[in-house]
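# Observations on the three-dimensional arrangement
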Amino acid sequence: MSAKTLKACRSCKALVSKEVQQCPICNGTTFSDEWEGMVILLSEKSELAETIGESKPWRYAINVK
Ligand SMILES: [Zn+2]
């Protein structure tokens, strides 16, 4: 999957494909095409989940501009 086909939710930084109208993680509807970095959260109980403040396994942007 190319990063250019993804956009990032402004609320929770979840990365979704550009066709998506509503964030599957937080139900937000505002997205940004300007984002950097990607982390993939595999488990709700990981240290990474605590670090980035998200709990649902998903792919997230590190920086959303
Ligand atoms: Zn979201």
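Source: prediction; values computed, not measured. (Residues numbered from 1 in each chain as written. Predicted model: local features only at pLDDT ≥ 70, side-chain atom pairs only at ≥ 80, totals over all residues. Heavy atoms only, no water.)

### Considerations on the environment of lysine 45
Following the sequence through the fold, lysine 45 ends up in the loop between β4 (35-40) and α1 (47-52). Judged by its relative accessible area of 75%, lysine 45 falls in the exposed class. Residues lysine 45 and aspartate 33 lie twelve residues apart in sequence; the distance between their C-alpha atoms is 29 Å. (Helix = DSSP H or I, 4+ residues; strand = E, 2+ residues; numbered from the N terminus. Buried < 20%, exposed > 50% of the residue type's maximum accessible area, 1.4 Å probe, protein only.)

### Re the sheet that holds strand β3 (residues 31-32)
The strand order across the open sheet formed by three strands is β2-β1-β3, and the pairing between neighbours is antiparallel. Of all strands in the sheet, those bounded by a partner on one side alone are β2 (15-17) and β3. Here two bridges tie strand β1 (residues 6-9) to β3, and the two strands are oriented antiparallel to one another. Considered in β3, the bridge of cysteine 9 is made with phenylalanine 31. (Pairing = 2+ DSSP bridges.)

### Focus: the coordination of the zinc ion
For the zinc ion, the full set of protein donor atoms is Cys9 (SG), Cys12 (SG), Cys23 (SG) and Cys26 (SG), and the range of their distances to it is 2.2 to 2.3 Å. Given four donor atoms and angles of 101 to 114° at the metal, the environment of the zinc ion is assigned as tetrahedral. One chain supplies every donor for the zinc ion, spaced along it as C-x2-C-x10-C-x2-C. Of this pair, cysteine 12 sits in the loop between β1 and β2 while cysteine 23 sits in the loop between β2 and β3, and the two are eleven residues apart along the sequence. By the burial criterion, cysteine 12 is buried, and cysteine 23 matches it. (Donors = N, O, S within 2.8 Å, 3.2 Å for Na, K, Ca; no water. Tetrahedral: all angles 85-135°; square planar, octahedral: opposite > 155°, others 65-115°.)

### Examining the pattern of salt bridges
Counting across every chain of the model gives two salt bridges. The residue aspartate 33 makes a salt bridge to lysine 18 at a minimum N-O spacing of 3.8 Å. Here aspartate 33 is found in the loop between β3 and β4, whereas its partner lysine 18 is found in the loop between β2 and β3, with 15 residues between them in sequence. Take lysine 18: its relative accessible area is 36%, and that puts it in the partly exposed class. (Salt bridge = Lys/Arg side-chain N within 4 Å of Asp/Glu carboxyl O.)

### A look at the environment of leucine 41
Along the polypeptide, leucine 41 turns up in the loop between β4 and α1. We classify leucine 41 as buried; its relative accessible area is 2%. Excluding residues that lie within four positions of it along the chain, leucine 41 makes contacts with Ser46, Leu48, Ala49, Glu54, Ser55, Lys56, Pro57, Trp58 and Tyr60. (Contact = heavy atoms within 4.5 Å.)

Read these as geometric descriptors, not functional statements.
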